[in-house]
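Structural features, examined
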Protein chains: 2
Amino acid sequence: MAEVIPGNAVVGQSGGPTAVINQSLVGVIEAAAEHEAIQTLYGARNGVRGIIQERFLELTGLDKDLLERVAATPAAALGSTRDKPDEEYCRKILDVFAKRNVRYFFYIGGNDSADAAKIIRDLARASDYDLRVIHIPKTIDNDLRVTDHCPGYGSAAKFVISALVGDDRDNASLPGVKIDVIMGRHAGWLTASGLLARQDAGDGPHLIYVPERRVSPDQFVEDVAEVYGRIGRCLVAVSEGIEDTDGVPWGEKLATTVDRDSHGNVQLSGSGALGDRLAELVKTKVSPKLGGKTLRVRADTFGYLQRSFAGFASPVDQKEARRAGRTAVAYAMRGARDCSVAFRRRPGEKYGISCFRAKLADVARETKPLPPEYVNERGNGIHDSFRAYVAPLVGTLPATGTLG
Amino acid sequence: MAEVIPGNAVVGQSGGPTAVINQSLVGVIEAAAEHEAIQTLYGARNGVRGIIQERFLELTGLDKDLLERVAATPAAALGSTRDKPDEEYCRKILDVFAKRNVRYFFYIGGNDSADAAKIIRDLARASDYDLRVIHIPKTIDNDLRVTDHCPGYGSAAKFVISALVGDDRDNASLPGVKIDVIMGRHAGWLTASGLLARQDAGDGPHLIYVPERRVSPDQFVEDVAEVYGRIGRCLVAVSEGIEDTDGVPWGEKLATTVDRDSHGNVQLSGSGALGDRLAELVKTKVSPKLGGKTLRVRADTFGYLQRSFAGFASPVDQKEARRAGRTAVAYAMRGARDCSVAFRRRPGEKYGISCFRAKLADVARETKPLPPEYVNERGNGIHDSFRAYVAPLVGTLPATGTLG
């Protein structure tokens, strides 16, 4: 085990915010204060960008009440960044670290952040600079490798499930076709969690589409017509990144030639674009399959609310995110040179996790898709086996009751 | 005071669902069970439509636990309807009532439902049929006349505020322009509630636009440029029904000639359309005002989640909605022939309401806009005086904390 050397520490946050990313930050702040080896803990404003610009905040002697409020606040309290630093960028980071005698770097983020952490670690080694680099996972997409799940996912899933529970009751009370577009460009973990909104037979979402399984818009039309024909309504949960059988995203496929912005460019990125296009598709293609019936069709795109809605985080997710932050400091104090904090489920019936060290290289760059065994053969639903995976992460869900 | 005559009762739900409309339903069910004059309480499926189709559910002897779960479930447990019955339609309703000896009709809905209730009441009087008709208010739009506020509004406002609190932190952590489109085609009550997301100086929403004050898209561009130029980010809350100075809705005004559906019709109703158009407007018009700076611009449309999100209702709203249902039965039992249940605030510092009877004619048809004194002169903000109106209705809001 490597020796712990005295010095300063930096903590930063990166990528799209989550409802619990500040829990991990506060975990680092709390644990760092318990170790004399960490002299001053600096918070880097806007992640790596704040480091090279030397925009730091001293995170010492903060009031405990304030820290609890910060922990409960969604989005990155230090500010975040979309910068993906290359070697040159990381060299500047290392220069700042050396200048300020920073010996510990805690970076809270996704796979890109793990990659940045790895580059910085490699440069430090090459120049014989003693630096401990610990990556703390966060992402609502739940697509990091090695770990059982990511802090941030449980809260986003709780939001999505609660939205779908309510929207399904809404759809039952005023029957029609409702399409809900859920975050996840490449990973369907969040959309798949919508399965838990189905509490009784007949509950929606009746169709769930994830990017891991390619499906044609034609099949979507058939699926909606089948469900509507059978039960007189249909609630659809679809990942924003859903692709046609040829790999082209539905959003792009369904863009008509007149779907252009004021410069004449085809518009693909509008927040409501995919939902509106699918609603249009249902109106024009599903209706004729149902004898020309006029359908009530609506679409919603859950958008940023999934990652930043306030006051509704999963308590389990909050606790685990805090623990991930504390564990990162513990690993550094126990001499870890570099790693990413990872979770595994403890064996036994009762849910619980243990933390372990994952290699940065195993977490960086690549992502982890939803395993194919969770998706049904037709690619329009999620198997019940997925419930056991998600349920403990979201905590108590709203209990509903129906009449008659 | 008119005599109470024994007979059956019907309860129905109408219009767009809310998070607490079932609280009012359960209030009626509970209170009706306490009165012998009400022999059988029938729930009409899908409001007035279920009455003429004679689709009823007996609401007697229901388990208390089930009722509590139903009360906590968003959207109309009996099903809702968009039917706006005319006199002929109402005559059919009265025939069904006479056939089934229905002497009490409780109708939970908005101003259209109050209108239907009034037509039915008038027909009953004309034919000398003894029928008590009580309207129970519900709407997230909060636009019913007479009453201080409407059951359903507090929960929708709590959702909107919590979404904006989180989204503002999101916007602060990854600075840019964020536009949130909020429900309200003609009334800005819900959008105005977003003011409460502003907990500290500098917090968003920095701009709030409501349909009660016409504003040009050009002014919107200037406003966003001013805020962004001053603080480096901007969060906008805008009602879906916002209108240009000539009364044309922004959504229509900003539709470009190429914004057409597959039939070549101009698309106005897409759920994300207004948000996407405003985002495009900011990219093309605000950026040049800031020296050509590339702006990070995003838009979200909160959509149905505002009215049906599960497990997040305002406790005050839940309690008041239940009370409105119970009070409706009490009014009928005390001999009221017809009225709408209304709330007034009790004098004194501590928030509390009293119920009173409003005339159906005063609640029907017309709506109540946000009073002009709450809107600032430029039409891009809400005065702090509005806080005292909304705060008691939404209950405890998420406490947040910021660093540095």
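Residues numbered from 1 in each chain as written. Chains lettered and ligands numbered in written order. Predicted model: local features only at pLDDT ≥ 70, side-chain atom pairs only at ≥ 80, totals over all residues.

Thoughts on the overall build of chain A
Cut-off, in case you're wondering: Counting from the N terminus, the helices are the DSSP runs of H or I reaching at least four residues and the strands are the DSSP runs of E reaching at least two. Taken over C-alpha atoms, the radius of gyration is set against a globule rule of 2.2 Å times the number of residues to the power 0.38. Each residue is classed by its C-beta neighbour count within 10 Å, where at least 20 other C-beta atoms makes it buried, 12 or fewer makes it exposed, and intermediate counts make it partly exposed; the C-beta atoms are placed from backbone geometry. Two residues qualify as a contact pair if the distance between their C-beta atoms, derived from the backbone, is within 7 Å.
The secondary structure content of chain A amounts to 14 helices and 11 strands. Compactness check: chain A gives a C-alpha radius of gyration of 23 Å against a globular reference of 22 Å for 404 residues, within 12% of the reference. C-alpha extents for chain A along the principal axes are approximately 75 × 50 × 35 Å. Within chain A, buried positions represent 59% of all 404 residues. In chain A, of all internal contacts separated by at least 6 residues, the share reaching a separation of at least 24 is 76%.

A word on the relation of the copies chain A and chain B
Under the convention used in this document: When the copies are superposed, the least-squares fit takes in the C-alpha atoms of residues with a pLDDT of at least 70 in both.
For the match of chain A to chain B, the screw axis carries a shift of 0.0 Å, the RMSD comes to 0.0 Å, and the turn is 180°. Such a combination of turn and shift is consistent with a two-fold rotation axis. No C-alpha of chain A approaches the rotation axis more nearly than that of Gly 272 of chain A, which lies at 2.0 Å. The fraction of interface residues of chain A whose copies in chain B are also interface residues reaches 98%, indicating that both copies meet through the same surface.

Some words on the packing of helix 4 (residues 87–99) of chain A against helix 5 (residues 111–126) of chain A
Describing two packed helices takes the angle between their axes plus the distance from one axis to the other. Residue and element names in this part refer to chain A. The following threshold applies: Convention adopted: a line fitted to C-alpha atoms gives each axis, helices being fitted over their contacting stretch, and angles between N-to-C directions are expressed from 0 to 180 degrees. Crossing handedness is defined as follows: a turn of the near helix away from the far one that is anticlockwise and smaller than a right angle gives a left-handed crossing, while the clockwise case is right-handed. As a working rule, the residues Ala, Val, Leu, Ile, Met, Phe, Trp, Tyr, Cys and Pro are called nonpolar, Asp, Glu, Lys and Arg charged, and the rest polar, with Gly in that last group.
In the contact formed by helix 4 and helix 5, the axes pass within 9 Å of each other and the chain directions differ by 65°. As helix 4 runs across helix 5, the sense of the crossing is right-handed. On helix 5, the residues touching Glu 87, Cys 90, Arg 91, Ile 93 and Leu 94 of helix 4 are Ala 116, Ile 119, Ile 120, Leu 123 and Ala 124. Along the lines of polarity and charge, the residues of the contact of helix 4 with helix 5 split into eight nonpolar, no polar and two charged.

A word on the interface of chain A and chain B
Listed per partner, the contact involves 59 residues of chain A and 58 residues of chain B. Contributing elements (two or more residues each) for the side of chain A that touches chain B: helix 3 (64–71), helix 6 (153–173), helix 10 (273–289), strand 9 (297–301) and helix 11 (305–308) of chain A. Sort the elements by how many residues they give to the side of chain A that touches chain B and helix 6 of chain A lands first, with nine residues. Residue classes in the side of chain A that touches chain B are distributed as 26 nonpolar, 22 polar and 11 charged.

Observations regarding the pairing of strand 4 (residues 102–109) of chain A
All names here are of chain A. Condition: The rule for pairing is simple: two strands pair if DSSP sees at least two bridges between them. By convention, a crossover is right-handed whenever its connection, traced from the first strand over the helix to the second and viewed with the strands pointing away, goes clockwise.
Judged by how many residues are buried, strand 4 sits mostly within the fold: eight of eight residues are covered. Taken together, the six bridges between strand 1 (residues 7–13) and strand 4 define a ladder with parallel strand orientation. Paired with Gly 12 across the strands is Tyr 107, a residue of strand 4. Here strand 4 runs beside strand 5 (residues 132–137); their pairing, made up of six bridges, is parallel. Residue pairing in the sheet places Tyr 104 in a bridge with Arg 132 of strand 5. For the crossover from strand 4 across helix 5 to strand 5, the handedness is right-handed.

Here's the deal with the domain arrangement of chain A
A common way to state how big an interface is: give the accessible area lost once the parts meet. Residues and elements named next belong to chain A. What counts, and what does not: Just so you know, the domain bounds were taken from an automatic or database domain assignment.
Annotation of chain A at the domain level lists domain 1 (7–152 + 311–363) and domain 2 (155–309 + 371–394). Here the C-alpha centre of domain 2 lies 34 Å away from the C-alpha centre of domain 1. Of the residues lining the interface, 19 residues belong to domain 1; the matching set on domain 2 comes to 16 residues. Class assignment of the residues belonging to the side of domain 1 that touches domain 2 gives a composition of 10 nonpolar, six polar and three charged.

Brief notes about the sheet that holds strand 7 (residues 207–209) of chain A
Note: strands within a sheet are paired through backbone hydrogen bonds, in either parallel or antiparallel orientation. Residues and elements named next belong to chain A. In space, the four strands of this open sheet follow the order 7-8-6-9, with parallel pairing throughout. At either margin of the open sheet sits one strand with a lone partner, and together these are strand 7 and strand 9. Looking at each pair of strands side by side, their axes are set apart by 15° on average, direction ignored. Of the pairings in the sheet, the one linking strand 6 (residues 177–182) to strand 8 (residues 234–239) comprises six bridges and is parallel in character. Note that in strand 8 the partner of Ile 179 across the bridge is Val 236. Across the sheet, helix 8 (residues 217–231) is in contact with strand 6, strand 7 and strand 8; its angle to strand 8 comes to roughly 155°. Here helix 10 sits on the sheet and contacts strand 6 and strand 9; the angle it forms with strand 9, its principal contact strand, is near 165°.

Here we look at helix 6 (residues 153–173) of chain B
The following threshold applies: What a helix is expected to span follows from its residue count: subtract one and scale by 1.5 Å.
Between its terminal C-alpha atoms helix 6 of chain B stretches 30 Å, which fits the 30 Å expected from 21 residues at 1.5 Å a residue. In terms of burial, helix 6 of chain B is a largely internal element, 21 of the 21 residues being buried.

Digging into the pairing of strand 1 of chain A
Residues and elements named next belong to chain A. Of all seven residues making up strand 1, five are buried, and the element is well covered by its neighbours. Where strand 1 meets strand 2 (residues 38–44), four bridges bridge the pair, whose relative direction is parallel. Across the sheet, residue Val 10 finds its bridge partner in strand 2, namely Tyr 42. What joins strand 1 to strand 2 is helix 1 (residues 21–33), and the crossover it makes is right-handed.

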